[in-house]
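# Coordinates in review
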Amino acid sequence: MSLKIKVLTRFCHDVVESKGLSLFLEVETTPDSAAEPSGLAQIMRVVFRLFLAMMALGLPLMPALAASSNGQAVEPAIRFLPDRKLWVLETARTSYVVGLNEENALQHVYWGERLSSDQGLQAAHTAREVTSFDSTETMSNNEYPAWGGTYYNEPSLKVTLANGVRDLVLTYDSHEIRGDDLLIRLKDIRYGLFVNLDYKVFPAEDMIRKQAQVENRTTQIVTIESAQSGVWYVPPGQGYRLSYLNGRWGGETQLTRQPIFPGKFVIESRRGNTSHQLNPWFAIDAGGEADEHQGRVWFGALGWSGNWKLVVEDTPPAHQVRVTGGYNDFDFSWPLAPGETFTTPPYYGGFSASGFGEASRLMHRLERDQIMPGHPHPALRPVLYNSWEATTFNVNEAGQKALADKAARVGVELFVMDDGWFGQRNDDRAGLGDWYVNPKKFPNGLKPLISYVNGLHMHFGLWFEPEMVNPNSDLYRKHPDWVLNFPDRPRSEARHQLVLNMARDDVKEYIFGALDKVLSENNIEYIKWDMNRHLSEPGWPEAPVAEQKEVWVKYVRNVYEIIDRLRAKHPNLTIEACSGGGGRIDLGILERVDEVHVSDDTEAFDRLRIQEGFSFPYAPRLGMDWVNDVPSTNGRSTSLKFRFLVAMNGVLGITANLNKWSQDDFALAKQMVDYYKGVRETIQNGDLYRLSSPRESDLTANEYVAADGKQAVLFALLPSQQFERPAPTIYLRGLDENAQYRVKALDNKRRERAEVMSGSFLMHHGLNFELTGDFDSTSVVLERVL
Ligand code: GLA
């Protein structure tokens, strides 16, 4: 009886899934169903499965089951085609197909525009071995290739077994479909080492998330030497182009493009956090054929704030470009005990047939709808004032109150006190680690300042740098063993600070407790979580030697855990992640923080390039932008209006020293803040169209279109004009051709004076502006009237 049930279950499993009725499958084929039912229950199950099988075969027993409750046909996002052993993952406009080849290995089949039917799809076939040097394994696009057999490309998994075997060959074991989730279980051909490949489809965002979980079902420790989240393949061919982001402190997220040549191009971090230098995002287009508005673009991003790696590999002879991503295997080792699992970071991928602009909008939608705190309806970000550039470490109650008064006058909603309020923190040489309020600067604690700020109808926020300690601190004097270190080796300082070993549970608990105390005692609704150096000498002498390299991963997991616990305990808390500006920007931290500090370079002209690169993967609402003082540290001066209009392309913040502002400055700032409040919903939740790039033109133009299409806002920023050349015409996008829009201008720089214009006029005739000289700027709002 039990044998029959199993056979029947598998039969139903395949057939039912092929008909898209995976709902029933879930109920009937959970892995736990191995437990033997008995008596009547067993018979009932058999009958029910027969019923399912008949229905799945097309017998019209209950056709309504294939439809949703509102009668609409349900298009399942994931289908299994048993005849061809293919899984088809579908989003609104894309298809992603994997299947089993003759070796029972999982192979990539297709990723691109949505296929209108399954007709042409064939079962996955291994590539033909051309020579003994180009093996079948290496030439076939294995969906999750382990290092073993004759596989020579970048592996997704490399292990050493306790008996010294370092060969791993993964084949199909089982699968399960649950709504938009697909789990494919792979198993080594000999040992009890399993890999659970977890796919999540985001139909509306045209994106898929991959994540792998390694499971040790052997009886001995398996040492993982490389654990990747997976591989994204583009169609075979030559001439692809890679877009990625690089930079430095004070110059993050610079978009760079280059051809993909045979060999490997690696972008990575070995610094313990995401890094300013490279960001875990890529986009690939065919031969540079794509631009902002058209062309095929494949893109992906990792959600991990520690050591990560993306390997862009072009392997001849088939010229197959693939991007493998996951934990950086540099200095990596993870002993996995019997019964344990190890999970890789989420690795997102998407496809756009409408250029880089659409690729970005899909990422932005994913972040807002699926990733960031409060999704799918994250709250609007308030206008912020941060006193850092006004006061640096020189904070005290009276000074902060004076700034708060002025910030409130211009309409600021969130007042943040930055570095300098705690311990013996008078400069960057002391105090980190001592999270008690400095009694000289705040003799009555923070409460009087916070209630003052709240009385001005502003929220209050506070700066922390939890992972760090100055050697000149009470914490370090008490716990010198709490920092990352190798015994008898130097402890390298950067900005006079050392890095706490956040992988240690006692350190984690201390930091959680210290922050929790300050948050519990005060009405703090926002923290800026900073990290002002990278990890070095990552030793963990107290851990067994074999486990010491786990520090890289455990460090980040514990940082995540602290943030998650703080948020759970303080539900009103919002968080900005900062690492000397934009050193920690990725989809992992963005699951748990509301925004990030884009850069310490707050100068408006530099910021245009930083903002543009940032916006390729990250929604503008995730980036905090400050209006600073001029001349900036780079010596450049721009008008207050220009600085405001640049900073509005994200979350608007101010850091200028308000004590130095004139009455005119206050009046302009108030007007600008009001203007931003009128359009911020569109900027923060709408679609971004990059109409003119600071890399390619004198003019930077960004347009945001509200989700409901009722409002659009345009920013036109001209850093410099030469030869009195008129600023280029700006052609709007994303509007309704037939709709009418009332155009409200911020100033009188608009040449087309009509009050109401059609979508087709705005998009095809375009708008022209009188922009002259240096650092001129303007903005218009379009309100749909018909
Ligand atoms: C980093 C941050 C700044 C500021 C300082 C304080 O550099 O990026 O915004 O908070 O630390 O020390």
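Look up: the structure comes first, before these words.
Residues numbered from 1 in each chain as written. Predicted model: local features only at pLDDT ≥ 70, side-chain atom pairs only at ≥ 80, totals over all residues. Heavy atoms only, no water.

### A short note on the overall build of the chain
A tally of helices and strands in the chain yields 15 helices and 36 strands. Its C-alpha radius of gyration of 28 Å places the chain within 12% of the 28 Å reference for a compact globule of 786 residues. For the chain, the C-alpha atoms occupy an extent of roughly 85 × 70 × 60 Å along the three principal directions. In the chain, buried positions account for 59% of the 786 residues. Taking the contacts inside the chain whose residues are at least 6 apart along the sequence as the reference set, 68% of them involve residues at least 24 apart. When the accessible surface of the chain is summed, it comes to about 30,300 Å², and 52% of that surface belongs to carbon and sulfur atoms. For the chain, the distance from the average site of its 83 positive side-chain charges to the average site of its 102 negative ones is 1 Å. (Helix = DSSP H or I, 4+ residues; strand = E, 2+ residues; numbered from the N terminus. Rg over C-alpha atoms; globule rule 2.2 N^0.38 Å. Buried < 20%, exposed > 50% of the residue type's maximum accessible area, 1.4 Å probe, protein only. Contact = heavy atoms within 4.5 Å. Areas by Shrake-Rupley, 256 points an atom, 1.4 Å probe, with all protein chains shown as cover. Lys, Arg positive; Asp, Glu negative; His and termini not counted. Charge placed at Lys NZ, Arg CZ, Asp CG, Glu CD.)

### Observations concerning the site of the ligand
In the region of the ligand, 14 residues are neighbours, and Asp418, Asp419, Lys528, Asp530 and Asp600 sit closest. At a separation of 2.7 Å, an oxygen atom of the ligand approaches a polar side-chain atom of lysine 528. With respect to the ligand, the side chain of aspartate 530 contributes an N or O atom lying 2.9 Å from an oxygen atom. The residue inventory of the shell around the ligand, partitioned by class, reads four nonpolar, four polar and six charged. (Near = heavy atom within 4 Å. Polar contact = N/O pair within 3.5 Å; in protein donor to acceptor, adjacent residues only side chain to side chain. Nonpolar A, V, L, I, M, F, W, Y, C, P; charged D, E, K, R; others polar.)

### Focus on the packing of helix H12 (residues 604–615) against helix H13 (residues 640–647)
Running from N to C, H12 and H13 point in directions that differ by 15°, and their axes come no closer than 10 Å. Taken together, H12 and H13 sit at an angle that is classed as roughly parallel. For the pair H12 and H13, the crossing hand works out as left-handed. Between H12, through Ala604, Phe605, Arg607, Leu608 and Gln611, and H13, the contact on the second element is made entirely by Phe642, Arg643, Val646 and Ala647. Split by residue class, the contact of H12 with H13 holds six nonpolar, one polar and two charged. (Axes fitted to C-alpha atoms, helices over the stretch in contact; angles between N-to-C directions. Parallel < 35°, antiparallel > 145°, perpendicular 65-115°, else oblique. Left-handed = near helix turned anticlockwise from the far one by under 90°.)

### Structural notes on a negative patch on the surface
Taken together, the side chains of Glu102, Glu103, Glu129 and Glu137 define an acidic patch exposed on the protein surface. In this fold, glutamate 129 is placed in the loop between strand S4 (106–113) and helix H4 (136–139). Using a relative accessible area of 44% as the deciding quantity, one classes glutamate 129 as partly exposed. (Patch = residues over 30% accessible without salt bridge, like charges linked within 9 Å, V, L, I, M, F, W, Y side chains within 5 Å. Salt bridge = Lys/Arg side-chain N within 4 Å of Asp/Glu carboxyl O.)

### A word on the packing of H13 against helix H14 (residues 663–685)
Where H13 contacts H14, the two axes come as close as 10 Å, and the packing angle between them is 25°. One element, H13, and the other, H14, form an angle in the roughly parallel class. When the axes of H13 and H14 are compared, the crossing they make is right-handed. Within the contact between the two elements, H13 uses Leu640, Lys641, Phe644 and Leu645 and H14 uses Asp665, Leu668, Ala669, Met672 and Val673. Its residues placed into classes, the contact of H13 with H14 shows seven nonpolar, no polar and two charged.

### Considerations on the packing of aromatic side chains
Applying the stated rule across the entire model yields 34 aromatic pairs. Geometrically, the ring pair formed by tryptophan 232 and tyrosine 347 is edge-to-face, given 5.9 Å between the ring centres and 65° between the ring planes. Remark: tyrosine 347 occurs in strand S20 (residues 347–352) and tryptophan 232 occurs in strand S10 (residues 222–233); sequence separation between them is 115 residues. Between phenylalanine 332 and phenylalanine 342, the ring centres sit 6.0 Å apart and the planes meet at 55°, which makes this aromatic pair tilted. (Phe/Tyr/Trp six-rings, centres within 6.5 Å; stacked < 30°, edge-to-face > 60°.)

### A closer look at the pattern of salt bridges
Taken as a whole and judged by the stated rule, the model has 57 salt bridges. Measuring nitrogen to oxygen at the nearest pair gives 3.0 Å for the salt bridge that ties arginine 217 to glutamate 215. For glutamate 215, a relative accessible area of 13% puts it in the buried group. As a salt-bridge pair, aspartate 474 and arginine 477 come within 3.1 Å of each other at their nearest N and O atoms. Here aspartate 474 pairs with arginine 477, and both are found in helix H9 (residues 474–478), just three residues apart, close to one helical turn. Linked through salt bridges whose partners overlap, the residues forming this network are Asp505, Lys508, Glu509, Glu561 and Arg565.

### Focus on the environment of serine 305
Relative to the assigned elements, serine 305 resides in the loop between strand S15 (297–302) and strand S16 (308–315). In this structure serine 305 comes out as buried when scored by relative accessible area, which is 2%. Each C-alpha atom, one on serine 305 and one on histidine 175, is 30 Å from the other, the two residues being 130 residues apart in sequence. In contact with serine 305, other than residues within four places in its own chain, are Gly272, Asn273, Thr274, Val556, Tyr560, Arg584, Asp586, Gly588 and Ile589. Separated by 3.4 Å, the side chain of serine 305 and the backbone nitrogen of isoleucine 589 make a polar contact.

### A closer look at the sheet that holds strand S1 (residues 78–81)
Pairing between sheet strands relies on hydrogen bonds along the backbone, with the strands arranged either parallel or antiparallel. Judged by pairing direction, the sheet is antiparallel, and its four strands sit side by side in the order S1-S2-S3-S4 without closing on themselves. The strands lining the two open edges of the sheet, one partner per strand, are S1 and S4. Strand-to-strand twist in this sheet, taken as the mean axis angle between neighbours without regard to direction, amounts to 15°. Relative to strand S2 (residues 86–90), S1 runs antiparallel, the two sharing four bridges. (Pairing = 2+ DSSP bridges.)

### Some details on unusual backbone geometry
For the peptide bond that leads from histidine 375 to proline 376, omega is 5°, which places it in the cis range. By the secondary structure assignment, proline 376 is in the loop between helix H5 (355–371) and strand S21 (384–386). Residue valine 630 is joined to proline 631 through a cis peptide bond whose omega torsion reads -5°. Turning to its location among the elements, proline 631 is positioned in the loop between strand S29 (623–627) and H13. Look at aspartate 331: it is not a glycine, yet its phi comes out positive at around 55°. The topology assignment puts aspartate 331 in the loop between strand S17 (320–327) and strand S18 (334–336).

### Structural notes on H13
For an α-helix the count is 3.6 residues per turn, leaving residues at separations of three or four pointing the same way. For H13, the tally of buried residues reaches eight of eight residues, placing the bulk of the element in the interior. Close packing links the buried residues of H13 with H12, S29, strand S30 (651–654), H14, strand S33 (711–720) and strand S36 (774–784).

### Quick look at the sheet that holds strand S32 (residues 700–705)
The six strands lie next to each other as S31-S32-S33-S36-S34-S35, forming an open sheet whose pairing is antiparallel. Sheet topology places strand S31 (687–692) and strand S35 (756–758) at the edges, where each strand pairs with a single neighbour. In this sheet, neighbouring strand axes are inclined to one another by 25° on average, regardless of whether the strands run parallel or antiparallel. Those strands touched by H13 are S33 and S36, and its axis lies near 50° from that of S36. Across the sheet, H14 touches S31, S32, S33 and S36, and the angle it forms with S33 is around 100°.

### A few points about the side chain of asparagine 522
Within the fold, asparagine 522 resides in the loop between helix H10 (505–521) and strand S26 (526–529). Of the polar contacts made by the side chain of asparagine 522, one reaches the backbone oxygen of valine 518; its length is 3.0 Å.

### As for the environment of glutamate 367
Looking at the secondary structure, you find glutamate 367 in helix H5. Relative accessible area serves as the criterion here: at 1%, glutamate 367 is assigned to the buried category. With near-sequence residues (within four places) excluded, glutamate 367 lies in contact with Met372, Leu587, Pro617, Tyr618, Ala619 and Leu622.

### Points about helix H8 (residues 447–455)
Of all the residues in H8, the buried ones are Leu449, Ile450 and Val453. For H8, the angular spread of the buried residues around the axis is 95°, confining them to a single face. Seen from the buried face of H8, the exposed residues on the opposite side, beyond 90 degrees, are Lys447 and Gly455. Among the residues trailing H8, histidine 457 stands out with phi positive, at a value near 65°. (Arc of directions from axis to C-beta.)

These figures capture arrangement, not role.
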